[in-house]
Amino acid sequence: MAAAVQPVLETTANVLEVRDLSVQFRTPKGPVMALRKVSVAVPRGSIVGLVGESGSGKSTLALAVMRLMPANATITEGSLRFAGRELLTLPALEMQRLRGDRLSMVFQDPMTSLNPVRSVGMQMVDIQYRDRQMSQADKRRRAADMLRRVGIPDSEHQLDRHPHQFSGGMRQRIAIAMGILEKPELLIADEPTTALDVTLEAQIVQLLRDLRRELNGSILFISHNLGIIAELCDYVVVLYAGEVVEQGPIEDIFHSPRHPYTRALLECDPARIEEVCRELPTISGDVPNLLRIPSGCVFAPRCPQAVDVCRQERPADHEAGAGHIARCHLLRGGANG
Amino acid sequence: MAEVSLAPSQQLLAANSDNTLLEVNHLHVRYPLVGRIRAKLFGIPNRFLDAVLDISFMLRRGRTLALVGESGSGKSTLGRAIIGLVPIAGGSIRFEGAEPFRTAKGGTKAYHRDVAMMFQDPISSLSPRRTVRSLVTEPFVVHALSDRDRDAEAKRLLALVGLPLDFAGRYPHQLSGGQARRVGVARAIALSPKLIIADEPTAGLDVSVQGEILNLMNRLQRELGLTYLIITHNLAVVRHVSDETAIMYMGRFVEHGPTSEIFAHPVHPYTAGLIAAQPHPDPAKRRTQVALLGEVPSMARRPEGCEFHTRCPGAKDLCRQVRPETQAISAQHLHRCHFPLMENLEACADASRRVV
C-alpha cells in the first residue's frame, strides 16, 4: 500500500495541467474516441470555462480529472497533473484522499448528487471524515458556516432538513457548499446552473466569484451557456467533438474568435443578436459520429470556410495571441481566417 | 349572428373576436393541499394552493404569446389549464368564441384537435417502445381517424418537420435531443391544430440546435397559420420569437404587452429584474450586482399585498398592504404595480401616443 512518495512541486503556476489526454470508450459498435489529445491548464486562482455542445467531451474531461470514469472508459495517452502530481499513476487510495479534499466537484443535478435519506447536516459532517481531531459539534458548526456563506439563511436549523425539503436553487447552493467545504484547490463545476432560473444563476455566479476571491481557489467551469462563461471565466477552452479547437483569455475568445466553430457558436447565441430576428442562425450539419472521426479537421464537414486541405490533413495549433491558440488550417501563415 | 342588435362597444368586440382565437377571462386554477378523501375522513377543511390567479388575455390568430417566469410561477399550470389537463376553479376559457369545457363531450374532443401541446423534455414524453412512425400518427388513433393512411401521414409529417423518411422506423433512444423535439413538433401538428402550446420548446438544447427548432416552428407558423403560446424562462429566445410577452409571478400576470416594448421599456420591477438577470454575452460588460435576490416564495405562503414585495427593490408600505390591480399603459400594455418604473412608463406612453 505504501505509495512511492512523489516530490510535490508546489512551484507550478498551474493547479491542473492536462496534456495530450485521450479517452476511449468501448462500445458494442466499436471504440469511441471521446477525447483526443486534449491539453488544458488551470492557472492557480483562476476560473477556466470549458464550453462545447453536448457530446463534445466536456463531462468526460471532468470525470477523467476526478478519475471517476465509467468502467468502459480508458485513458489511452496523456498526463493529468494536479498541483504538480501525476494523477494517472496515483494509487487509488491516494486519489481517494485528494477527492473531496483538494479536488472536488459539483454536478449538474443536485437532487441526484445529494443523498436523499440523510439530512444535509449529516452529509456535511460526513465529508469532514478526514479530520479526526475535530468534534462533531465543531464539524456541524463549520457546515452551518459554509451554508451561510452560500446564502442559506437560518443555516443552523437547515442542517436537520433533508434534500427534498429544499428548492432546486437551495439544493444547488448546498451542493456547492459541500464542494467547497474542505477548501479545495480546484473545484470542478459541471453545468451547475443549467437547471436553474436566470435569477438564481446570477446569484450562483456571484457566489462563485466571491468564493474564488475568499478562498483563492481555482475553478474549472463547464457549461454550454456562453453567457455565463462570459460572466464568470478568465480563460475559455472550446471543445468540439472531443478536441480543443480554440482556447485563450476570455476577451480574446469573445471579441476576436479565430476558429470558425467558435465564431459560429457565438453567432448562434440569441442573447448576442442585437437586432430582433425571427430566423435565427444555426450551425448546419451534425456533430460527427465519434466512431468514424473525419480525416482532416473535425469541423470541416460543417465549416463554411473549409477548403480541400481541411478535409485531408489534421490542422495544427496556431498561436493567435498570448495564450490564445486555435486549431485551424486557415490561420496558417498568419492569414486571417 | 344578429350583430345589428348589439351596442356599439359590443360590435367592436364582436369584430375583434373574429381575429381572436383564444380568450382567457379571470382564470383561476388551484390545487388541493389535502387529499379529498383525507379531508372527508378527518373532517379537515380543505386548503388550496392558487397556482393561477385572475389571468385574462386574448390571443389573436397567427400570433405568438410568450409566457415567461421563474420556476414555480404557474406558467406551465396556465398552459395545462388552457388545454384542459388541470381543472379550472374559476373564470373562463373561450376558443373561437365557444367554451370548450362547458359544452358536450364532443366539443372537448374537437377542441383537443384544434389545440395541441408540445411537452417539455421530448425524450421522456415519447414512449420508448414505439417507433417514430407510430408516435407521430398516434393522434389519428386517439381521435379515431382510421380512414387516414398512416404511412402517408407519417411521411407528410416527417417531411414537414425536416426529418429524413427513414426515421419512421427509429425508436426514441436512437434520436438526438433536436431530433426528438422535431418528433414532438410532428405529433403536435398531426391533426392540423390552430393553436400550439409549447412548454419550454428549447430547454436543454445546444444553441445551434435551439435555433433550428425555433426556425422550424417559425416556418410552420407561416405555412400552416399556427398560433403559438410559448412557455419558457429563456428571455433571450422570447425577444426574437414572440409578438407579445406576459411575465408571470406567483400565478399572476405582472406585466403583459408587445415583446419589443417589454424589452425596451419594462415597467414592472420584476420584469426589469428578470431582464437584468440575463448573463451579458460580452465579458467586458460583466455585471457586478445581482439584479434579483432570493427566490419565488412558496405559493402556499402567498405574501400579503403585492406578491413581489418580498424581493422588490422599490417596495413601500403600500406594496406590503394593498394588492395592486391591473393597470393599462396602452390598449396592449398592462401591468400590476403600484410604483411602475417611471422613465420606462413615460417612454411607453410616448410610443403609444405616436401610434395614435
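Residues numbered from 1 in each chain as written. Chains lettered and ligands numbered in written order. Predicted model: local features only at pLDDT ≥ 70, side-chain atom pairs only at ≥ 80, totals over all residues.

**Considerations on the interface of chain B and chain A**
As a reminder, the rule being used: We call two residues in contact if the C-beta atoms placed from their backbones are at most 7 Å apart. Only DSSP runs of H or I covering at least 4 residues are called helices, and only runs of E covering at least 2 are called strands; the numbering of each starts at the N terminus. Under this grouping Gly is polar, as are all residues other than the nonpolar Ala, Val, Leu, Ile, Met, Phe, Trp, Tyr, Cys and Pro and the charged Asp, Glu, Lys and Arg.
Between chain B and chain A, the contact holds 33 residues from the first and 36 residues from the second. Elements that contribute at least two residues to the side of chain B that touches chain A include exactly α9 (207–224) and α10 (235–241) of chain B. Residue contributions to the side of chain B that touches chain A peak at 7 residues, all from α9(B). The residue makeup of the side of chain B that touches chain A, split by class, is 15 nonpolar, 11 polar and 7 charged.

**Considering the sheet that holds strand β2 (residues 30–43) of chain A**
Residues and elements named next belong to chain A. We apply this condition: Strand pairing is assigned whenever DSSP detects at least two bridges linking the two strands.
Spatial strand order, β2-β1-β4-β5: 4 strands in an open sheet with antiparallel pairing. Single-partner strands in this sheet number two, and they are β2 and β5 (85–86). Strand direction decides the pairing type here: strand β4 (residues 73–82) and β5, joined by 2 bridges, are antiparallel. Residue pairing across strands places Arg81 opposite Glu86, the latter belonging to β5.

**Digging into the packing of helix α7 (residues 168–180) of chain A against helix α8 (residues 198–215) of chain A**
Residues and elements named next belong to chain A. As a reminder of what qualifies: Angles shown run from 0 to 180 degrees and are taken between the N-to-C directions of axes, each axis being a line fitted to C-alpha atoms and, for helices, limited to the stretch in contact. Put simply, angles under 35 degrees are roughly parallel, angles over 145 are roughly antiparallel, angles from 65 to 115 are roughly perpendicular, and the rest are oblique. Here a crossing is called left-handed whenever its near helix is offset anticlockwise from the far helix by less than a right angle, and right-handed whenever the offset is clockwise.
Interhelical geometry of α7 versus α8 gives an angle of 15° and a closest axis separation of 11 Å. Judged by the angle between their axes, α7 and α8 are roughly parallel. Note on packing geometry: the crossing formed by α7 with α8 is right-handed. Facing α7, whose interface residues are Gly169, Gln172, Ile176 and Ile180, α8 presents Leu200, Ile204, Leu207, Leu211 and Leu215.

**Points about the sheet that holds strand β10 (residues 327–328) of chain B**
Residue and element names in this part refer to chain B. The mixed open sheet is built from 8 strands, whose spatial order is β5-β6-β7-β3-β8-β9-β11-β10. Each end of this open sheet is capped by a strand with a single partner; those strands are β5 (115–118) and β10. Sheet topology note: the strand β9 (residues 252–258)/strand β11 (residues 334–335) ladder contains 2 bridges and is antiparallel. Bridging from a neighbouring strand, Glu255 pairs with His335 of β11. Contacting β3 (64–68), β5, β6 (195–199), β7 (227–232) and β8 (244–249), helix α3 (residues 75–83) runs over the sheet at an angle of about 150° to β6. Across the face of the sheet, helix α8 (residues 177–189) comes into contact with β5 and β6 while running at roughly 170° to β5.

**Structural notes on the packing of helix α6 (residues 132–142) of chain B against α8(B)**
All names here are of chain B. Look at α6 against α8: their axes get within 7 Å of each other, and the N-to-C directions meet at 30°. The pairing of α6 with α8 is recorded here as roughly parallel in orientation. Contacts between α6 and α8 involve Val132, Leu135, Val136, Glu138 and Pro139 from the first element and Val183, Ala186 and Arg187 from the second. Taken together, the residues of the contact of α6 with α8 sort by class into 6 nonpolar, no polar and 2 charged.

**Some points on the environment of A:Ser256**
Residue position: A:Ser256 is located in the loop between α10 (250–255) and α11 (260–268). Counting along the chain gives 64 residues from A:Ser256 to A:Ala320, while the straight-line C-alpha distance between them is 9.6 Å.

**Here's the deal with α7(A)**
Residues that lie three or four places apart on an α-helix share one face, since the helix turns once every 3.6 residues. Residues and elements named next belong to chain A. Applicable threshold: Any helix carries an expected span of 1.5 Å times its number of residues minus one. Field definition: a residue is buried when 20 or more other C-beta atoms are found within 10 Å of its C-beta, exposed when 12 or fewer are, and partly exposed for counts in between, with C-beta atoms placed from the backbone.
Helix length check: α7, at 13 residues, gives a terminal C-alpha distance of 19 Å against a target of 18 Å (1.5 Å per residue), a fit within 8%. Judged by how many residues are buried, α7 sits mostly within the fold: 12 of 13 residues are covered. Taken residue by residue, α7 has Gly169, Met170, Arg171, Gln172, Arg173, Ile174, Ala175, Ile176, Ala177, Met178, Gly179 and Ile180 as its buried positions. As for α7, its buried residues are in contact with β6 (103–106), α3 (110–113), α4 (120–126), α5 (136–149), β7 (186–190) and α8.

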